[in-house]
Amino acid sequence: TCYYSGIGDRGFLYDGSNWTTFNAPGAEYTNAYGIDGDNIVGNYNDSSGLHGFFYNGSSWTTLDAPGAFSTSAFGVFGNNIVGYYMDYNSDCHGFIYNGSTWTILDAAGAFYGTYFWGIDGSNVVGSYVDASSHNHSFVYTIPEPASALLIGTGLLLARLRRR
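Keep in mind it's a predicted model, so treat the numbers as computed, not measured.

### A word on the overall build of the protein chain
And then number 1: What the protein chain contains, in helices and strands, is 1 helix and 14 strands.
And then number 2: Across the 163 residues of the protein chain, 37% fall into the buried class.
And then number 3: Taking the contacts inside the protein chain whose residues are at least 6 apart along the sequence as the reference set, 19% of them involve residues at least 24 apart.
And then number 4: Here the protein chain has roughly 9,600 Å² of accessible surface; of this, 53% comes from carbon and sulfur atoms.

If you want it as structure tokens, here you go:
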């Protein structure tokens, strides 16, 4: 999480006896939202806007989803980072980022955006707002790579058979 230091919000880590504060390089403020071991994710604001971050205790990685106006990371588990980004039309989209690939997901029925808040193993928790302005929560299970490959192959075969 973060605290206000008089010169802007700073992220912090409390290990039960010690407080460690941190701020992304060049950031006006830093918010920490998720932790897994030494890995921390969140967002920070600098002169160019709002960015997600991944911090491993010694180095910072900026996270900007493709086509994003702003990006926020809320959960981390192993190599997977989840959060949401806002595009230039002010629409919000959930994402899973594994260090090399961005997977963008919008919940069925989402009208005002999809938000991923946390991850534990292959389960992602999130929410979306429908066209009637009602909030809905959901759990999304990340398919195993082999399952995703089988599903993709099955869809391709079904499409080829229809031709």
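### Comments concerning the environment of Trp-60
And then number 1: Residue position: Trp-60 is located in strand β7 (residues 60-63).
And then number 2: Judged by relative accessible area, Trp-60 falls into the partly exposed class, the value being 25%.
And then number 3: As a C-alpha pair, Trp-60 and Val-41 span 19 residues in sequence and 9.7 Å in three-dimensional space.
And then number 4: Not counting the four nearest positions on each side in its chain, Trp-60 is found in contact with Phe-22, Asn-23, Ala-24, Pro-25, Thr-30, Phe-53, Phe-54 and Tyr-55.

### Regarding a nonpolar patch on the surface
And then number 1: Together, Trp-117, Val-125 and Val-139 give the surface a local cluster of nonpolar side chains, amounting to about 280 Å² of exposed area.
And then number 2: Its location among the elements puts Trp-117 in strand β12 (residues 114-120).
And then number 3: For Trp-117, a relative accessible area of 38% corresponds to the partly exposed category.

### Thoughts on the sheet that holds strand β13 (residues 123-129)
And then number 1: Read from one edge of the open sheet, 3 strands run β12-β13-β14, paired in antiparallel fashion. In this open sheet, the two edge strands, each paired with only one partner strand, are β12 and β14 (135-141). Each strand axis lies, on average, 25° off the axis of its neighbour in the sheet, ignoring direction.
And then number 2: Of the strand pairs in this sheet, β13 and β14 are connected by 7 bridges, and their pairing is antiparallel. Looking at the pairing, Ser-127 lines up with Ser-137 of β14.

### Some points on the nonpolar core
And then number 1: In terms of nonpolar packing, the biggest core is built from 11 residues, these being Val-41, Phe-54, Leu-63, Ala-65, Ala-68, Ala-73, Val-76, Ile-81, Tyr-85, Phe-95 and Tyr-97.
And then number 2: At the level of elements, β8 (68-77), β9 (80-87) and β10 (92-97) are the ones that each hand at least two residues to this core.
And then number 3: Per-element accounting of this core gives the leading share, 3 residues, to β8.
And then number 4: Setting aside chain neighbours within four positions, we find Ala-68 in contact with Tyr-85, Met-86 and Tyr-88.

### Considering the sheet that holds β8
And then number 1: In spatial order, the strands read β8-β9-β10-β11; together these 4 strands make up an open sheet with antiparallel pairing. Each edge of the open sheet carries a strand with a single partner, namely β8 and β11 (102-105). When the angles between neighbouring strand axes are averaged without regard to direction, this sheet yields 25°.
And then number 2: Of the pairings in the sheet, the one linking β10 to β11 comprises 4 bridges and is antiparallel in character. The partner of Gly-94 across the bridge, within β11, is Leu-105.

### So, the environment of Ser-48
And then number 1: When you line up the elements, Ser-48 lands in the loop between β5 (39-46) and β6 (49-55).
And then number 2: Residue classification places Ser-48 among the exposed residues on the basis of a relative accessible area of 57%.
And then number 3: Considering only alpha carbons, one finds Ser-48 and Ser-70, 22 residues apart in sequence, at a separation of 9.8 Å.
And then number 4: Side chain to side chain, Ser-48 and Asp-46 meet in a polar contact 2.8 Å long.
And then number 5: Polar contacts involving the side chain of Ser-48 include one to the side chain of His-51, which spans 3.0 Å.

Criteria and cut-off values
- Residues numbered from 1 in each chain as written.
- Predicted model: local features only at pLDDT ≥ 70, side-chain atom pairs only at ≥ 80, totals over all residues.
- Heavy atoms only, no water.
- Helix = DSSP H or I, 4+ residues; strand = E, 2+ residues; numbered from the N terminus.
- Buried < 20%, exposed > 50% of the residue type's maximum accessible area, 1.4 Å probe, protein only.
- Contact = heavy atoms within 4.5 Å.
- Areas by Shrake-Rupley, 256 points an atom, 1.4 Å probe, with all protein chains shown as cover.
- Patch = residues over 30% accessible without salt bridge, like charges linked within 9 Å, V, L, I, M, F, W, Y side chains within 5 Å.
- Salt bridge = Lys/Arg side-chain N within 4 Å of Asp/Glu carboxyl O.
- Pairing = 2+ DSSP bridges.
- Axes fitted to C-alpha atoms, helices over the stretch in contact; angles between N-to-C directions.
- Core = buried A, V, L, I, M, F, W, Y, C linked by side-chain atoms within 4.5 Å.
- Polar contact = N/O pair within 3.5 Å; in protein donor to acceptor, adjacent residues only side chain to side chain.

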